[in-house]
Amino acid sequence: MSDSEAGGGRARFLQVFLAQRARMEALVSRRVGCRATASDLVQDLFLRFWRRPEVKVEALDTYLLRSASNLAIDYLRSEGSRDRAAEGLHEPDETHCAQAPEQALEVDHDLQRIEAALRALPERTRQIFLLSRIHGCTYGEIAKAMQLSQSAVEKHMMRALEACKASVAEPASPLRRPGSARR
């Protein structure tokens, strides 16, 4: 291959890369969640291609976009393994471990109080709450299924949520220390 052919290949690469740069950065940014990181990764991609011998590819623009996508995936994988390694380096917090059984008992007690509050609700209100929070139904879906207005469903949900909130706000737990009551 002559120098002029190699120069022509580089010129073509540069032209296609610059034309696709914004799309590559947008793609990578969506994947990694950071524009600055995306810009850095796309710049790294440019350098990788610029340093290697020319690769004959018919659809260079598509190839560059796919390469940018793969680079974003590689970046996320390496970040994930870095995070897992860093988590392994942390020693358990002594105070957190000492509080864990007490906190678990407090949470269990709160859950029991919430269950009791839900059992005390009128049947329709309890059903609406369970359809929304447990089964993930929207208020519109619940309204249609129960032949109610969406406003009525919202009012039932407000009653249920207020009952749950009130059940954990009551100071009846011997496990709670003064000053740790929830509002």
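Structural data are supplied above this passage.
Within each chain, residues carry numbers counting from 1 in the order of the written sequence. It should be noted that, the model being predicted, local features are given only for residues of pLDDT at least 70 and side-chain atom pairs only at 80 or more, the latter also being counted only at that level, while totals for whole chains, interfaces and linings use all residues. Water and hydrogen atoms were dropped before computing side-chain values, which therefore reflect all heavy atoms in the structure.

Colleague: Quick rundown of the nonpolar core? Include the residues and the values.
Modeller: In this structure, Phe13, Phe17, Met24, Val28, Leu45, Leu64 and Ala68 are the most contacted members of the largest nonpolar core, which totals 19 residues. Strands are runs of DSSP state E lasting at least two residues, helices are runs of H or I lasting at least four, and both sets are numbered from the N terminus onward. Of all the elements in the fold, those that place two or more residues in this core are helix 1 (3-32), helix 2 (35-51) and helix 3 (60-89). The contact criterion used throughout is that any non-hydrogen atoms of two residues lie within 4.5 Å. Excluding residues within four positions of it along the chain, Phe13 makes contact with Phe46, Phe49, Trp50, Leu60 and Leu64. For our purposes a nonpolar core is just a set of buried Ala, Val, Leu, Ile, Met, Phe, Trp, Tyr and Cys residues, chained together by side-chain atoms within 4.5 Å. Each residue gets one of three labels from its accessible area relative to the maximum for its type: buried under 20%, exposed over 50%, partly exposed in between, using a 1.4 Å probe on protein chains only.

Colleague: Could you give me a rundown of the pattern of salt bridges, with the residues and numbers involved?
Modeller: Each reported salt bridge corresponds to a side-chain nitrogen of Lys or Arg within 4 Å of a carboxyl oxygen of Asp or Glu. Enumeration according to the criterion identifies four salt bridges in this entry. Arg21 is paired through a salt bridge with Glu25; the nearest N and O atoms lie 2.9 Å apart. Of the two residues, Arg21 and Glu25 both sit in helix 1, four residues apart, roughly one turn of that helix. Judged by its relative accessible area of 24%, Arg21 falls in the partly exposed class. You can call Glu25 partly exposed: its relative accessible area is 23%. Close ionic contact of Arg119 with Glu115 constitutes a salt bridge, the shortest N to O distance being 3.7 Å.

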